[in-house]
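# Structural overview
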Number of protein chains: 2
Amino acid sequence: MDNNEIEKKLESKNVKPTAMRTLVYKTLTDSGKALSLADLEQRFEKVERSTIFRALKTFEDNFIVHSVDDGSGSVKYAVCDEDCTCNIHDLHVHFYCTRCGRTRCMKELPIPNIKLPEGYTYDNAQFIINGVCPRCD
Amino acid sequence: MDNNEIEKKLESKNVKPTAMRTLVYKTLTDSGKALSLADLEQRFEKVERSTIFRALKTFEDNFIVHSVDDGSGSVKYAVCDEDCTCNIHDLHVHFYCTRCGRTRCMKELPIPNIKLPEGYTYDNAQFIINGVCPRCD
DNA sequence: TTAAACTTTGCAATAGTGTTGCACTAACTT
DNA sequence: AAGTTAGTGCAACACTATTGCAAAGTTTAA
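Below is a short write-up of the structure. From a predicted model like this one, the values you see are computed outputs, not experimental measurements.

Let's shift gears to the overall build of chain A. Broken down by element type, chain A carries four helices and six strands. Starting at the N terminus, the α and β elements of chain A follow one another as α-α-β-α-α-β-β-β-β-β. The globule rule puts the C-alpha radius of gyration for 137 residues at 14 Å, and the 16 Å found for chain A is close to it. Taking the principal axes of its C-alpha atoms as reference, chain A extends roughly 45 × 35 × 25 Å.

In structure tokens form, the structure reads like this:
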């Protein structure tokens, strides 16, 4: 994805496309998987952790990325689909490979609908499947 | 649950019932919900974090408790059912109340079966539903 | 075009969680 | 009772997430 597209994307979500933000977004989308703060930090040694952190938070608040806690000990971030608002209908399964540690959005697998007992409300959900991915098998 | 029962329980899972372990188990089971290391630490000020930590690990290794990462930032632990071996068939949904921070095992809600794409294996899963519990509503 | 106002970034510091090594003590074995 | 093993407490540490503050950059408005 080229920078121009990214800038348009960010603007369309009301986020000012600074150099850092564009870089973070590009890295995320190009990687094709969910990345942690530490992953991102490694990919561009020069940039401050807190800057990346705040970029991710901003993205998250504006439905540009969603976060996944895959149980690896660090939260990962993945780009949302075009018209995602991070509500129940956008939720999908995430797959965590216990061999390589990679986390993938399974956008083709929506989180199944669960009927909760009386009195519980349903705002959000995380469904992480652990196993081994084709690459590692 | 009284101490005698607990000791039998632990022994039946090949874990020696020390005073600390019995206490940790009792606290967990009596609370009726999932507790974090910090939660447990607070409940008995005198006991070392690492002792509780190791008790939990031992329990986990022996299918006495299972852990849940509910996204709150700390892993929680809940007692398993009688004949649980923490495999796919024992997995159930966990409910995290975003208001009170309590995490509950929904043992009556097994994790639905998901058909993964070709090449992925399925070892384990976490399904956390976030919302508001009846107590807080 | 310059000053004021606001936003973003980098740096440093901090809190919290999870984890380990080591020494001491308790418990079990023979 | 002596030796071996298992459990506990203490201290230390790594790592993740997060914040306050000051400097730098950008936008607005006179």
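When chain A is brought onto chain B, the operation consists of a screw motion whose angular component is 179° and whose axial shift is 0.0 Å, with 0.1 Å RMSD remaining. The transformation relating the two chain copies, once decomposed into turn and shift, fits a two-fold axis. Taking the C-alpha atom as reference, chain A places A:Phe127 closest to the rotation axis, 2.1 Å from it. Looking at the interface residues of chain A, 100% of them are also at the interface in chain B, so both copies use one shared face.

Residues and elements named next belong to chain B. Here three strands make up an open sheet; going across it, the order is E1-E3-E2 and the pairing antiparallel. Two strands in the sheet have a free side with no partner beyond their single neighbour: strand E1 (35-36) and strand E2 (65-68). As paired strands, E1 and strand E3 (residues 76-79) are joined by two bridges and run antiparallel to one another. The residue of E3 that forms the bridge with Leu35 is Tyr77. Taken strand by strand, helix H2 (residues 19-31) contacts E1, E2 and E3, and its axis lies near 85° from that of E3.

Turning to the interface of chain A and chain B, a few remarks are in order. On the chain B side, the residues contacting the 33 residues of chain A number 33 residues. The contact between chain A and chain B buries some 2600 Å² in all, and 63% of this surface belongs to carbon and sulfur atoms. Of all residues in chain A, A:Ile114, A:Tyr120 and A:Phe127 bury the most surface against chain B, accounting for 21% of the area lost on that side. At the boundary of chain A with chain B, the tally comes to 10 residue pairs in polar contact (both at pLDDT 80 or more).

A word on the layout of surface pockets. The space that makes up the second largest pocket amounts to roughly 150 Å³. Lining the second largest pocket are A:Ser31, A:Gly32, A:Lys33, A:Phe95, A:Cys97, A:Arg102, A:Arg104, A:Cys133, A:Pro134, A:Arg135 and B:Tyr120. Class assignment of the residues belonging to the lining of the second largest pocket gives a composition of five nonpolar, two polar and four charged.

Time to look at H2(B). Residue and element names in this part refer to chain B. Look at H2: 18 Å from first C-alpha to last across 13 residues, which is about the 18 Å you get at 1.5 Å a residue. Where H2 is buried, its residues meet helix H1 (3-12), E1, helix H3 (37-43), helix H4 (49-61), E2 and E3. Once H2 ends, the next one or two residues include Gly32, with phi positive near 70°.

What the six strands build is an open sheet, ordered E5(A)-E4(A)-E6(A)-E6(B)-E4(B)-E5(B); its pairing is mixed. Of all strands in the sheet, those with a lone pairing partner are strand E5 (103-110) of chain A together with strand E5 (103-110) of chain B, marking the two edges. In this sheet, adjacent strand axes meet at a mean angle of 25° when their direction is disregarded. Of the strand pairs in this sheet, strand E4 (residues 92-97) of chain A and E5(A) are connected by five bridges, and their pairing is antiparallel. Paired with A:Tyr96 across the strands is A:Thr103, a residue of E5(A).

Further remarks concern the pattern of salt bridges. Counted under the stated rule, the structure contains 14 salt bridges over all chains. A:Lys9 serves as the salt-bridge partner of A:Glu82, at 3.1 Å between the closest nitrogen and oxygen. Taken together, the residues span a long stretch of sequence, with A:Glu82 in the loop between strand E3 (76-79) and E4 and A:Lys9 in helix H1 (residues 3-12) at a distance of 73 residues. Salt-bridge contacts for B:Glu60 lead to B:Lys57; the nearest nitrogen and oxygen are separated by 3.6 Å. Taken together, the positions of B:Glu60 and B:Lys57, both in helix H4 and three residues apart, correspond to about one turn of that helix. Of the residues examined, B:Glu60 reaches a relative accessible area of 22% and is grouped as partly exposed.

This next bit is on the protein's contact with DNA strand D. Around DNA strand D sit 19 residues in total, of which A:Val75, B:Thr18, B:Arg21, B:Thr51 and B:Arg54 are the nearest. Take A:Val75: an N or O atom from its main chain is 2.8 Å from a phosphate oxygen of DNA strand D. Taking B:Lys16, its side chain carries an N or O atom lying 3.5 Å from a sugar or linking oxygen of DNA strand D. Counting residues per element, the ones that place at least two in the surface near DNA strand D are helix H4 (49-61) of chain A together with H2 and H4 of chain B. Looking at the surface near DNA strand D, the element that brings in the most residues is H4(A), giving five residues. Grouping the constituent residues of the surface near DNA strand D by class yields five nonpolar, six polar and eight charged.

Rules and cut-offs
- Residues numbered from 1 in each chain as written.
- Chains lettered and ligands numbered in written order.
- Predicted model: local features only at pLDDT ≥ 70, side-chain atom pairs only at ≥ 80, totals over all residues.
- Heavy atoms only, no water.
- Helix = DSSP H or I, 4+ residues; strand = E, 2+ residues; numbered from the N terminus.
- Rg over C-alpha atoms; globule rule 2.2 N^0.38 Å.
- Least-squares fit on C-alpha atoms with pLDDT ≥ 70 in both.
- Contact = heavy atoms within 4.5 Å.
- Pairing = 2+ DSSP bridges.
- Axes fitted to C-alpha atoms, helices over the stretch in contact; angles between N-to-C directions.
- Buried area = accessible area lost by both parts, 1.4 Å probe.
- Polar contact = N/O pair within 3.5 Å; in protein donor to acceptor, adjacent residues only side chain to side chain.
- 1 Å grid on protein atoms, 1.4 Å probe; cavity = no way out; pocket = protein on both sides within 12 Å on 5 of 7 lines; lining within 4 Å.
- Points joined across faces, edges and corners; volume = space filled by probe spheres on them.
- Nonpolar A, V, L, I, M, F, W, Y, C, P; charged D, E, K, R; others polar.
- Expected span 1.5 Å × (residues − 1).
- Salt bridge = Lys/Arg side-chain N within 4 Å of Asp/Glu carboxyl O.
- Buried < 20%, exposed > 50% of the residue type's maximum accessible area, 1.4 Å probe, protein only.
- Near = heavy atom within 4 Å.

Everything listed here is a matter of geometry and, on its own, says nothing about what the molecule does.
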